[in-house]
Amino acid sequence: MDTEKKGVAEQKKACINCGAELKYKPGTAQVKCEYCGHEETIEQDGQEFQELDLKPYLKELGSQSHSEEILMLQCKNCGANQHIEENYKSLHCVYCSTPLIIEDAQKEDWILPGAILPFQFDQKKSHQIFSNWVKGLWFAPNNLKKAALDPQHTKGLYLPYWTFDAQLYAQYRGERGDYYYVTVPYTTTENGKTVTRTRQEQRTRWSPANGDIQGFVDDTLIKASDQKRNPIPQKISNWKLDALQSFNSNFLSGFVTEKYTIPLKEGHLSSTKEAEKIARSWARKDIGGDTQRVHQIQMQLSDETFKHILLPVYISAYQYTGKKYRFYINGQTGTISGKRPYSFWKIFFTVILVIIVLSIIGYITSKNN
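None of the values given here were measured: they were computed from a predicted structure. (Residues numbered from 1 in each chain as written. Predicted model: local features only at pLDDT ≥ 70, side-chain atom pairs only at ≥ 80, totals over all residues. Heavy atoms only, no water.)

Re unusual backbone geometry
Look at Asn191: it is not a glycine, yet its phi comes out positive at around 55 degrees. Residue position: Asn191 is located in the loop between β10 (155-190) and β11 (193-223). For Asp303, which is not a glycine, the phi torsion comes out positive at approximately 50 degrees. Checked against the element boundaries, Asp303 lands in strand β14 (residues 291-320). Judged by relative accessible area, which is 61%, Asp303 ranks as exposed. (Helix = DSSP H or I, 4+ residues; strand = E, 2+ residues; numbered from the N terminus. Buried < 20%, exposed > 50% of the residue type's maximum accessible area, 1.4 Å probe, protein only.)

Okay, here's the thing in C-alpha cells:
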C-alpha cells in the first residue's frame with residue numbers, strides 16, 4: 001500500500017507528555033490523554049465537505065484517490081463488520097458482545113468518509129440517559145432500576161451512511177382534483193317518525209394535468225450497513241445533519257467504526273427510489289388543487305455526487321432476571337430506544353381497577369336513568 005494512501009482511520013495521535021494515545025472528548029473539538037489529562041484541539045481546515053462524483057465510483061473503487069485500506073474485524077456470530085481501536089483491552093462485538101479475535105482482522109478497501117457527526121456526550125452520560133429512561137417506563141417492574149448495566153459492554157459506534165445529491169428533472173402526467181359540495185337528501189327516524197333531512201356531501205371534479213418539474217435533491221440519507229440481524233431503531237435515527245463536520249480521524253479515537261456492507265451501487269439504487277418519491281411529491285405540489293393523481297412520471301438525475309458519512313450511536317445491554325435487553329442511544333441528540341420488561345402484576349391490577357371504575361360508572365348511570 002502506498003504511504004500516501006495509509007488509512008487515516010489507522011493513524012494514532014500520541015500525547016506529547018507521556019506518549020499515550022489521545023482519545024476524542026465527546027461534545028468538544030479536542031482529544032484528551034486519559035493518563036495525564038493533556039488536551040489538544042482537533043484542527044479543522046474549514047473546507048466544505050467534498051462531494052465525490054458518483055459515476056467513476058460506480059465503475060471502480062480501488063483506483064480512486066479517496067479510497068483507503070482499513071483494518072476490519074468481522075463478528076462470526078452476527079456478521080457485523082467493524083473497526084475497533086487498539087486501546088480496547090477486551091475486544092467484543094458492539095452488537096452481540098461475542099469476543100473478537102484480533103488475529104482474524106483483515107485489511108479491506110473502503111471509501112474515505114467525507115464527513116462525520118462527532119459524539120456529543122460520553123459513556124457516563126449515556127448511563128444517566130438509560131437511568132432516566134427506566135424511571136419513566138410504564139408498567140416496569142419496581143426493581144428494574146437495579147438492572148446490571150455493564151460499562152465494558154457499552155460502546156460508542158459510528159454508523160456508516162451514504163448521502164446523495166443530484167439535479168432532478170421530471171415530466172409528469174396526472175389529474176387535478178377540486179372539491180365541491182352537493183346537497184343530498186336522506187331519511188332518518190326522530191321520535192318514532194320517519195323524516196327527511198339534507199346534508200352536504202363532498203365530491204371531486206377531476207381535470208387533466210401535465211407539466212415538468214426540476215430542482216436540487218440534497219443529502220438523501222441511505223443506510224450503508226446491513227442491519228437485518230442488528231437493526232438500529234428508527235426512533236433514534238433523528239440525526240441533525242446540519243451539524244456534520246469535515247472528517248478527521250481524531251474523532252474516531254476511543255470509538256468503534258462500522259464499515260459499510262451495502263455497496264455504493266446498491267445505496268445509489270435506494271437513493272434513486274427516494275428521488276422518485278420526491279419527484280412525485282413535487283409533481284403533486286405543481287398540479288395544485290385539493291387532491292392529485294400522478295399517473296406517469298419520467299425522471300432524470302444529473303450532476304450526481306455522494307459522500308460517505310459516519311453517525312454516532314451508543315449500543316449496550318442490561319441484565320434483568322437472567323435475560324438480556326438491548327438498548328440504543330443517539331450519540332448526538334440523546335434519544336433512546338430499546339427493549340424493556342413489563343410487570344405482569346402491575347398490568348393485571350391496572351386492568352382490574354379499570355373494570356371496577358367502569359362498572360361503578362355504569363351502575364351510577366343506569367340508576368340515574
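Having seen the model, we can carry on.
With respect to the pairing of β10
Along a regular strand, successive side chains alternate from one face of the sheet to the other. Pairing analysis gives 22 bridges linking β10 to β14, with the strands arranged antiparallel. The partner of Lys155 across the bridge, within β14, is Ile315. Hairpin geometry of β10 and β11 is characterised by an intervening segment of two residues between the two adjacent antiparallel strands and by a positive phi of about 55 degrees at Asn191. (Pairing = 2+ DSSP bridges.)

Quick notes on the environment of Ser249
Mapping Ser249 onto the fold places it in the loop between β12 (245-246) and β13 (256-258). Once the C-alpha coordinates of Ser249 and Pro113 are considered, the two residues, 136 residues apart in sequence, prove to be 9.5 Å apart.

Here's the deal with empty space enclosed by the protein
Following the criterion strictly, the structure yields two cavities of 30 Å³ or more and no others. Together, Phe164, Asp165, Ala166, Val217, Thr220, His268, Ser271, Thr272, Ala275, Leu301 and Glu304 line the largest cavity. Elements with a contribution of two residues or more to the lining of the largest cavity: β10, β11, α3 (264-287) and β14. Take the lining of the largest cavity: its biggest share by element is four residues, from α3. Its residues assigned to classes, the lining of the largest cavity comprises five nonpolar, four polar and two charged. (1 Å grid on protein atoms, 1.4 Å probe; cavity = no way out; pocket = protein on both sides within 12 Å on 5 of 7 lines; lining within 4 Å. Points joined across faces, edges and corners; volume = space filled by probe spheres on them. Nonpolar A, V, L, I, M, F, W, Y, C, P; charged D, E, K, R; others polar.)

Keep in mind these values describe shape, not function.
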